[in-house]
Amino acid sequence: YDREIVERERGQLLRRIRALRDDRSSWAEQRFLEVMCEGEAYARPSWGSEAEVEALSVEDLEAARQSLLQRARIVAVAIGPLEPAELADYLSAWFGARPEPPRWEEPAAKLPVTRRSIREEVGCDQARFHAGFRCPMPADPRAREALALAVSVLGGGVHGRLFRIVREQRSQAYSIHAQLRARKGLMTVEAGLDAAHAASVSEEVDKQIADLAERGPAPEELEHARRFLCDRLTSLGDSPSGLLAYLARERALGLARAPAERIAWLQSLTPADVAVAARRWIPDTNYLLAPPTPVLAAP
């Protein structure tokens, strides 16, 4: 490693880490995950801390490079008119003599005892709200699709309940959406809002989840959510890079689902399947990054 290049890259990374606080949305997400997953690897940003970056030496980088070359698991994904045997021979020439690497460790799957509510204050115009739910992932592939569909119904886009109710009907959030972090087993809701609406929005999130778990989605919202997911899977074939990213993610999840296979499962799901999936969400942490509370002058 060239020391001059290392110092330049170190400086750029440190500037990115220090500037993260100025991006309130990204900073709120990082702090939310640090608080919710405290003591778990998922709480640690992939770029590390300022102190860690500052302490790295050229020798540390070389040791990491050698470790990757000698022990890291390699996943090769290829798309296009090629011969698999030729690609296998090519990769074997580079890496065939390496020993079998250790299996990936499964992420920690803690279950909360009670929900925590955390508020942190920073100078900002718009507060950021996050609600985190633990979500044990089922082994059955059809049940996993039901989870994805349930998240889409709840807050997967403009068709989702949270967007329609919290943003459009009640005007209590500038933006709101839900996502499934499948590798970790989390379902999270994020909203940009006025801090004064945070408690009401949290109550509405809980209300909609309880309703979805009890009664399932209405036929129209189920079809909107189903179409949204199926269209995304269908469009993967239009982009080689998109399909590559999809296949690599499948591998990271320990799965090998073809897009057409997932579409078939999605088409078979019923409102009752979605209701069962929504019952998997266990409340864990509410996090609010908000402007400082005004201090009232003494009368």
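What counts as what
Residues numbered from 1 in each chain as written. Predicted model: local features only at pLDDT ≥ 70, side-chain atom pairs only at ≥ 80, totals over all residues. Heavy atoms only, no water. Helix = DSSP H or I, 4+ residues; strand = E, 2+ residues; numbered from the N terminus. Buried < 20%, exposed > 50% of the residue type's maximum accessible area, 1.4 Å probe, protein only. Phe/Tyr/Trp six-rings, centres within 6.5 Å; stacked < 30°, edge-to-face > 60°. Contact = heavy atoms within 4.5 Å. Disulfide = S-S within 2.5 Å. Pairing = 2+ DSSP bridges. Axes fitted to C-alpha atoms, helices over the stretch in contact; angles between N-to-C directions. 1 Å grid on protein atoms, 1.4 Å probe; cavity = no way out; pocket = protein on both sides within 12 Å on 5 of 7 lines; lining within 4 Å. Points joined across faces, edges and corners; volume = space filled by probe spheres on them. Nonpolar A, V, L, I, M, F, W, Y, C, P; charged D, E, K, R; others polar. Arc of directions from axis to C-beta. Core = buried A, V, L, I, M, F, W, Y, C linked by side-chain atoms within 4.5 Å.

A. A look at unusual backbone geometry. In this structure, Ser171 is a non-glycine residue whose phi angle is positive, near 50°. Relative to the assigned elements, Ser171 resides in the loop between helix H7 (161–169) and strand S3 (175–181). By relative accessible area, which is 54% here, Ser171 ends up exposed.

B. Seen up close, the packing of aromatic side chains. Throughout the structure, instances matching the rule amount to one aromatic pair. Taken together, a centroid distance of 6.4 Å and an interplanar angle of 40° make the contact between Trp94 and Phe95 tilted. Looking at Trp94, the relative accessible area reads 60%, which means it is exposed. Judged by relative accessible area, Phe95 falls into the partly exposed class, the value being 30%.

C. Local environment of the environment of Pro259. Mapped onto the elements of the fold, Pro259 is located in helix H11 (residues 259–268). Put simply, Pro259 and Glu54 are 205 residues apart on the chain and 43 Å apart in space, counted from C-alpha to C-alpha. The residues touching Pro259, leaving out its near neighbours within four places in the chain, are Leu233, Leu236 and Tyr246.

D. Representation of the state of the cysteines within the structure. As enumerated under the stated definition, the model contains zero disulfides in all. No disulfide involves Cys37; its sulfur sits 13 Å from the nearest other cysteine sulfur, which is in Cys135. Using a relative accessible area of 1% as the deciding quantity, one classes Cys135 as buried.

E. Representation of the sheet that holds strand S2 (residues 127–134) within the structure. In spatial order, the strands read S1-S5-S2-S4-S3; together these five strands make up an open sheet with mixed pairing. Two strands bound the open sheet, and with one partner strand each, they are strand S1 (116–121) and S3. Shown here is a sheet whose adjacent strand axes are inclined to one another by a mean of 15°, direction ignored. Across eight bridges, the pairing between S2 and strand S4 (residues 186–193) is antiparallel.

F. Representation of the layout of surface pockets. Roughly 600 Å³ of volume is contained in the largest pocket. A per-element tally of the lining of the largest pocket places helix H6 (residues 141–155) first, with five residues. Each residue belonging to the lining of the largest pocket can be placed in one class, and the counts come to 13 nonpolar, four polar and six charged.

G. Local environment of H11. Those residues of H11 that fall on the buried side of the exposure criterion are Pro259, Arg262, Ile263, Trp265 and Leu266. Axial view of H11: buried residues confined to an arc of 160°, hence all on one face. Of the surrounding secondary structure, the elements contacted by the buried residues of H11 are H6, helix H9 (219–234) and helix H10 (240–252).

H. Up close: the nonpolar core. Ranked by size, the top nonpolar core spans 48 residues in total, and within it Leu149, Leu154, Ile176, Met187, Val189, Leu193 and Trp281 carry the most contacts. The greatest single-element share of this core, amounting to eight residues, is contributed by H6. Once residues lying within four places of it in the same chain are set aside, the contact partners of Met187 are Ala131, Gly132, Phe133, Cys135, Val151, Leu154, Ala178, Gln179, Leu180, Ile209 and Trp281. Trp27, Ala43, Tyr287 and Leu289 belong to the second largest nonpolar core, which has 13 residues in total.

I. Quick look at the pairing of S2. The buried fraction of S2 is high, at eight of eight residues. Of the two faces of S2, the one holding Ala127, Phe129, Ala131 and Phe133 and the one holding Arg128, His130, Gly132 and Arg134 are both buried throughout. Judged from the seven bridges that link them, S2 and strand S5 (residues 282–290) form a sheet pairing that is antiparallel. Note that in S5 the partner of Arg128 across the bridge is Leu289.

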